[in-house]
Structure formats: C-alpha cells, structure tokens
Amino acid sequence: MSKQAQHFFLEDWLKSTTTTTTPIATTKPIASSAREIIQSWSNLRNSLQTQTFQLHHLQSLQTLLNSQTSINVADPQAKLLLSILSSSSPNLSLPPESHPLFLKLLYIWVRKSSKPSQALLDSALPILSNLFNGEREIHFSVGSLGVLLLGAISIVPGLSENSRKVCVELLCKLFEQERGGVMAVVQGEFVPEVLAGIGYALISSEIPYISRILDCMFGIWGTGKGLLGSVSHGLMMLHLIEWVVSGFINLQSYKKIECLCGEILRTRKLDSALFAVVMVAAGGLRGLIKAPLIGTRAETVHNIRISLEKCIAVVARELISKTGNFCHSAFDPNNRLVVQCIALSLARSGPVSFDPSLLLCITFASLTEVFPLRSFYSRILDSLHKNSIQLGLSEVKGHLDSILFKEAGAITRVFCNQYVSADDEHKTMVEKLMWSYCQDLYSGHRRIALALHGELPDLFGDLEKIAESSFLMVVVFASVVTKNRFNSALSREIQLDVSVGILVSFSRVEYFRRIRLPEYTDAIRGVAKNVQENEPACVSFIESMPSYDDLTNRYGSVGLSKVEYNWAKDNVQTARILFYLRVIPTCIERVPASVFSKVVAPTMFLYPLYMGHPNGKLARASHSVFVSFMSSGKESNQEERTLLKEQLVFYYIQRALEGYPGITPFDGMASGVAALIRFLPAGSPAAMYCVHSLADKAKSLCSKAMTEDAGMWKDWQGDSEPSKKLLELLLRLLSLVDIQILPNLMKLLAQFIVELPKDGQNMVLDEIYNQVADSDDVTRKPALVSWLQSLSFLCSQTTFTKSTSSSSTDILSLNAVSARL
C-alpha cells in the first residue's frame, strides 16, 4: 500500500470521486518554464544566504507551485526550504502568506520522492511543530496543509516509529488545540487536503491512534460549530475510508479494520454529523468488497459488513422516527443531507442487506431528492405569481449537474433490490408512494407546461430532462414489480390492484416516454393481460380516465385561474389519453356498455375532442377504440351493448364527417365504417344512416372538387382526392352491407354515378366491374350484376356536361334513374 501511495496525491483522487463525469477544466495557473523554475530556486538560496525574505522570494515560491504537477522537489531543495523555515535570523522574517507555500512544496517532496532522506524527515518535525506553535492564530490554509504534510510524512516507508508518532500527535493537536479550533484548521475549499492527511495518518497509525484520528475527522462536521456538510464532503469521506480499508487489506491488517469499523459504530452514538457516519460506514463496506473471503477471515469480514450495514440502517431508522412520514416540509437541510447520503452510500457500497428503514429512506430520496420535481413545480408556480421565475433557472440547472442526479441509475438499482427483498406490507407501501408520485408528476408538469406558455424554454427543457429520467425510474420499478408480485403467492385481488395501479401510473408518465424500452412493453403486456381477464379491474382502469368535464373544463382542470385552457395544446394530457386509447381495445370485451357510455364515449367520439384532435395518432386511436367496441360482445346476450352501438353510430358518423377532410383521418373513419356495417344487426337504421351520410358527403365533396378541377377524373389509382376516397369506401360497402341495405346503397350510388362526367362514370364503372367480377358471394352477386348492367345502360344513354342543368331536368333525370333501378 505504501508503494502505491507514493505515486499519486490522495487529495486529487478524492476530488475526482465527487463527480461521475470528466471534470470541467477550470482556470489553472500557467505552468512556469524551466528557466523560471531554476531562477526561483536560485532566489530562495540567495534568501537563505542573505538572511532576507522579500516580495520576489514569495513570488518565487508561487512560481514553483504553479508547476506542482511536473516539478520534483529533491532532498537538497527540501533542505533549503526547511532551513528557511527554521531560520532564527530577525532579518529573515517570513510573512504568514508564505507558510502554506512552503508546506505545499514540502508535501510535493514527500510524495514524489522515491526515498526521501530519513534525517531530513526527522529534522522537519520539530520545525513544523515550532511553526504551528509560533503562530498566534493558525490560518486555515496553514492548518489544512499542515495536516496534509504531517499525514504524508507518517506514511513514508522506513520512518522511525518515534517520528511517526510525533507526526500523528502533531496532526491531532492541530484539531484539538484551542487556538483556532476546527474552523481554523479547515475551510470548505481545503476539505480534500485535510481528509487526505487524515487518510495517510490512519493507514500508517497503530490501533491506539485510530479512534483519536477518527474523532478529529468527525469533529470537522460536528453538530456544534463544525463545518457545514455537503454531498461532496460525504463522498470524499466514503472513498477515503474505502482507500484506508483497501490499504489495510493489502497489508493484511484485519485487526485494524475491526478497530476502524468498531470506532465508526461508536461514533454514531456520539454527537457526530449523521451524514458523515453514514458515508464513512459505506466507505468501509466498499473497501471490504475486495477482501479475500478465505477461512476465518471470511467470517470476520462478514461480521464487519453486517455491523456497518446496521449502522446505516440505524441512522435511517432514527431519521424516520424524527420526521414521521417523511413530510418534505418538515425536513431541515441536515435531514435532507442525511437522506441524500444514505441513497448515495447504498449506491456506491455494493450489495446491502434489506432493511425496512433503508427501503423507506431510499424511496423518499428517489422521489424527493434525486427527482425533486414536485418541489420544483411548486416553487416555480409560486414564483410565477411573484414575477421572480429567474430564481428557478439556476436551481434546476444545478440539479441536472449534481452528483445525486448523475447517480440516479445506481440509486434506482439499489431501490429496486431493496424492494424485491421487502415483505408484502412494505412493498405495498412503496408502490403507493410511487403511484402517488406519478400522479403529482403528471399534474405538476401539466400545470407548468400550460403556465409557461412556451416561455423560458431552457427552464422547461431542463425540467423535462429530469422528468424523462424519472420516467425511466418508474418503468424500471414497475418492471420489477410485475416480475416479483405476479410470481408470488399474492392474492388475486392484490395482483389486480397492482396491475391497475401500474397501468394508471404509466398513463400519467406517458408524455415523458422518448425511447423504446423493453421493460416498458413487457410490463404493459403483463399487467394488461391481468386486467383484461377481470371485469372489475377493467372498470377500475377505465374509470381512472379524466372525465369529459375535466377535459373540457377551461380552468379547473389545471388549477390556474389566470391561464386560458386550450385542450388541443395540452400535450401532457393528450399523451395520457393516447395511452388509454391504446390499452382500451385490449380489454374492451370486459367493459360494460354502461361504463363505456359514461366514461369513454363522451370523451372519444364527441367532436371536437379526440376524434378531431390535431394529433393524428390520437385521432386514429379514437377510431380504433370505436372499431374495437363495435366488434365486441359477440359471445353473450348484449342487448344493452347493441343498443349503445346503434346510438353511437349516429354520433360517430356525424362527427367524423364534420371533420372530413382536414381533421378526421380517412383510414380511421374507413375502419370505423367497416366495423359498424359488419357488426350492426341486419337492416339497422344506424347502418342505413351511415350509408346515406357517406353518399351525401361524397356528392358534396365531388361537386366542389369538379368546380375547382375539371380534370380530376383522369386517373383513379393513387389519387388522394377526398371525394374519390369516400366513393371508393362506398364501393367497398357493396360487399359488406347486409342484403337488406344493399338495394338502398345501389340506388344511392347509381344516383351519384350518373351525375358524374363521362370520364368519371367510366372510371367508376371499371372499378365496379372488377369488384363484381372478383366477388364469390353467391347471394349478392346476381343482384350486383343486374344493377351494374342497368347502371351501365343508363350511363351510356345519358350525357351530362359540366354546365349546370335546370332543376326540373335534374329531378326528371333522378326519377328516371330510380325508376329504372
């Protein structure tokens, strides 16, 4: 371990562990040239010779430190630095700001030298002791770098035990002495240096000193006048203890590991910062991952792991008892920090045994700290009323860049692992928390989207990035739920409740689905299969849809009295309804007609809602739901269902044709018409109304089209003219309508066709010829052949021009057609 320690600066490694990405380049001092470095050493030698220290000597120290990554400090140069520090000449009075520079250069000497002089190291200790004792008030930079240097000296191979003890004693006194106290030793910017010094000291000390050094470390963030803790501080402590434990394992010092972990457990009972206790315990767990599990050592490591896991669980239990049901408003910053650190500690410390308190803590951390959207929505909406929305921009952006958010995937994995090991009571509790979060996410994001009116796109985009990640968490969790709950001995009723809960929650987060996920589709298939086999579950899912009143409520649906509501621009709600429309056909057989009439029909089929929605996917899905309903209920007595089908047809055709062309998608309407013709009873008035309405609409569109384009009948294939599409649909109905409606359809078509120009007549007749020739329906084919012959004769005998005939002539012509047919 000591050999490894010689090759890097521990404080730099600790800094790197607080981020999951490559650190952004910051402004660094410009490295000095070789000439400048040589001149700087020369200036310092002159300072010693002349026994003076002036401004240019201070600048020489700074020049050397500017190249600290590449510079090497050899023994002669270290001796020079120590000689200047120890000079008793009154003319060689060092300014206080030079002390940190001397200490840092000496630290570089100790860490980069392959074998620093033992005599020099021994002589350095009294010099450092005099330096620390000589200052009236230890400046925080001097104290911090003093801890770093003393720790580095203590880890040098071959250092005498006496000198090592002196190092550790001096280090502890820097924390314990009254002059300056903890806050004089460390400030936030020097935390990595202080922790690195503590790490060096821990790994080099004997067992009696471990407790004292740990007390010094925990005292930095003590609940009295300690430093204000942060997540980055916690992560540095976690990885520091990991480094120390790994070092003990390499040195096979298992007694020291037991002592270290025992002191961590003891410290938890004292007045220490709980976030620090959690992270240090997690560091021990992470370090033990690499421990070889052989013989009696395996039992030792196992027992240590159990005690460290219990340490974190006890902190979580105390936090739960302190905050009740995790009411976020009751959380002070310290409690929030503990929750965040528990989540990160579990994410970075390897597999951890299940504990109910850990599960609840990591659930709360995921829903409020990793994805704090509910808090963001509330504060942003509040700031909108106060015209201070700019305050939220930096906060949301800062969270995107935070360690906690970047670790969201690892935290979700631990969360799901804890859930899998939980009992049914705690599983149900966590599921309810998750489904409630989805509801708040849906309503909050919907309100924000409508309130911002497209303004502040950067803020809204950042919120959506967080929401998209939270969607992934919900999907992964739901996938775990389906695999775990449906394979257990859980009652059928609870399984159905879980299935409905997942479907409803997926509908609420559908807006955030940006990529295809196998977990998502697998979870939907699993729960949809459960739901579609049970009528109460189907009803429960259908009744969770937003009601027609909610969808059309101008203000109340979003709770923003100052926002004028436009349903067509409510993209969050649109995505949710689209989810329902895609799932409803899978369970339509189990949906009672009364429920469909009350909940689905008013929303789906009343124009200008979703049948006429600008979103083409939604409009087509509405027609698909209609098709599925028309084709449902074939195996049992369905009088109520049949009656509802007939009633809906009138609304459906009326609303669909109102929006055609332009809004109503033709393919969706064509499938709807085919379904109602196929599944309505023979001779149904609703089917007759459908045929008449289509013919009237086709005539109207054709008349308008011929006025605008006289050559529209030159080509039939591949034409997207709306009137031709409707005519083609009417021709297809010749083979679909029942035999009681067929004569009426033939009559309407004949009246339409004989009014077409000659090119149009020929084109339509050719299409009918092909259709009749390919038909193998022995019931209707004779009637169609006779009708086609009569229609061909009428078309050959009658000449229509583009000019408009008199109304009396039109009436006589139509009467003649009717009589002939």
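Description of the structure in this document.

Rules behind the numbers
- Residues numbered from 1 in each chain as written.
- Predicted model: local features only at pLDDT ≥ 70, side-chain atom pairs only at ≥ 80, totals over all residues.
- Heavy atoms only, no water.
- Helix = DSSP H or I, 4+ residues; strand = E, 2+ residues; numbered from the N terminus.
- Contact = heavy atoms within 4.5 Å.
- Areas by Shrake-Rupley, 256 points an atom, 1.4 Å probe, with all protein chains shown as cover.
- Expected span 1.5 Å × (residues − 1).
- Buried < 20%, exposed > 50% of the residue type's maximum accessible area, 1.4 Å probe, protein only.
- Phe/Tyr/Trp six-rings, centres within 6.5 Å; stacked < 30°, edge-to-face > 60°.
- Lys NZ or Arg CZ within 6 Å of the ring centre and 35° of its normal.
- 1 Å grid on protein atoms, 1.4 Å probe; cavity = no way out; pocket = protein on both sides within 12 Å on 5 of 7 lines; lining within 4 Å.
- Points joined across faces, edges and corners; volume = space filled by probe spheres on them.
- Polar contact = N/O pair within 3.5 Å; in protein donor to acceptor, adjacent residues only side chain to side chain.
- Axes fitted to C-alpha atoms, helices over the stretch in contact; angles between N-to-C directions.
- Parallel < 35°, antiparallel > 145°, perpendicular 65-115°, else oblique.
- Left-handed = near helix turned anticlockwise from the far one by under 90°.
- Disulfide = S-S within 2.5 Å.
- Core = buried A, V, L, I, M, F, W, Y, C linked by side-chain atoms within 4.5 Å.

The next subject is the overall build of the protein chain. Looking only at helices and strands, the protein chain has 39 helices and zero strands in total. Sequence-distant contacts in the protein chain: of pairs separated by 6 or more residues, those separated by 24 or more amount to 78%. When the accessible surface of the protein chain is split by element, carbon and sulfur atoms take 52% of a total near 36100 Å².

Further remarks concern helix H38 (residues 781-797). Helix length check: H38, at 17 residues, gives a terminal C-alpha distance of 24 Å against a target of 24 Å (1.5 Å per residue), a fit within 8%. All buried positions along H38 are accounted for by Leu-784, Trp-787, Leu-788, Ser-790, Leu-791, Ser-792, Leu-794 and Cys-795.

Counted under the stated rule, the structure contains 18 aromatic pairs. Note on Phe-9 and Tyr-107: the rings are 5.4 Å apart at their centroids and 35° apart in plane angle, and the pair reads as tilted. Here Phe-9, found in the loop between helix H1 (2-5) and helix H2 (10-16), pairs with Tyr-107, found in helix H6 (residues 99-112); they are 98 residues apart in sequence, far enough to count as distant. Residue classification places Phe-9 among the buried positions, given a relative accessible area of 16%. On the accessibility criterion, Tyr-107 (1% relative accessible area) is buried. When the centroid spacing of 6.2 Å and the interplanar angle of 45° are considered together, the rings of Phe-53 and Phe-102 count as tilted. With Phe-53 in the loop between helix H3 (34-50) and helix H4 (55-65) and Phe-102 in helix H6, this residue pair connects regions lying 49 residues apart in the sequence. When its relative accessible area of 11% is taken as the criterion, Phe-53 is described as buried. In this structure Phe-102 comes out as buried when scored by relative accessible area, which is 0%. Feature note: the residues Phe-9, Tyr-107, Tyr-200 and Trp-243 constitute an aromatic cluster, connected by ring pairs. One residue, Arg-514, lies across the ring of Tyr-511, its end atom 5.0 Å from the ring centre. The lysine or arginine in question, Arg-576, covers the ring of Tyr-442, its NZ or CZ lying 4.9 Å from the ring centre.

This brings us to empty space enclosed by the protein. In the structure shown here, the tally under the stated rule is one cavity of 30 Å³ or more. In this structure, the largest cavity occupies an estimated 50 Å³ of space. Around the largest cavity, the lining residues are Glu-161, Arg-164, Lys-165, Val-168, Ser-204, Ser-205, Glu-206 and Tyr-209. Among the elements that take part in the lining of the largest cavity, helix H9 (residues 161-176) stands out by supplying four residues, more than any other.

Bringing the side chain of Ser-154 into the picture now. With respect to the helices and strands, Ser-154 occurs in helix H8 (residues 140-154). Since its relative accessible area comes to 1%, Ser-154 is described here as buried. Within polar-contact distance, the side chain of Ser-154 engages the side chain of Ser-204 at 2.9 Å. Apart from residues lying up to four places away in sequence, Ser-154 is in contact with Leu-159, Arg-164, Cys-167, Tyr-200, Ala-201 and Ser-204.

Look at the link from Tyr-660 to Pro-661: it is a cis peptide, with omega at -5°. For Pro-661, the location among the structural elements is in the loop between helix H32 (639-658) and helix H33 (666-679). Unusually for a residue other than glycine, Gln-51 sits at a positive phi of about 55°. As for its placement among the helices and strands, Gln-51 is situated in the loop between H3 and H4. Owing to a relative accessible area of 23%, Gln-51 belongs among the partly exposed residues under this scheme. Backbone geometry at Gln-252 places phi at a positive 55°, although glycine is not the residue there. You can see Gln-252 is positioned in the loop between helix H13 (231-250) and helix H14 (254-268). Owing to a relative accessible area of 52%, Gln-252 belongs among the exposed residues under this scheme.

Another point: the packing of helix H25 (residues 492-509) against helix H26 (residues 518-532). Relative placement of two packed helices is described by the angle separating their axes and the distance separating the axes. Where H25 meets H26, the closest approach of the two axes is 9 Å, and the angle between their N-to-C directions is 130°. Classified by the angle their axes make, H25 and H26 are oblique. In this structure, H25 crosses over H26, and the sense of that crossing is left-handed. Every residue of H26 that contacts H25 at Arg-492, Gln-495, Leu-496, Ser-499, Val-500, Ile-502, Leu-503 and Phe-506 is listed here: Tyr-520, Ala-523, Ile-524, Val-527, Ala-528, Asn-530 and Val-531.

Enumeration over the complete set of coordinates arrives at zero disulfides. Take Cys-538: it sits in no disulfide, and the sulfur closest to it among the cysteines is that of Cys-587, at 4.2 Å. The exposure class of Cys-538 is buried, given its relative accessible area of 0%.

So, on to the environment of Ser-547. Inspection of the secondary structure assignment puts Ser-547 in the loop between helix H27 (535-543) and helix H28 (548-552). For the pair Ser-547 and Val-600, spaced 53 residues apart in sequence, the C-alpha to C-alpha distance is 8.5 Å.

If you look at the biggest cluster of nonpolar residues, it comprises 282 residues, and the most contacted ones within it are Met-217, Trp-221, Phe-506, Phe-596, Leu-676 and Trp-787. The dominant element in this core, judged by the number of residues it contributes, is helix H24 (residues 457-485), at 13 residues.

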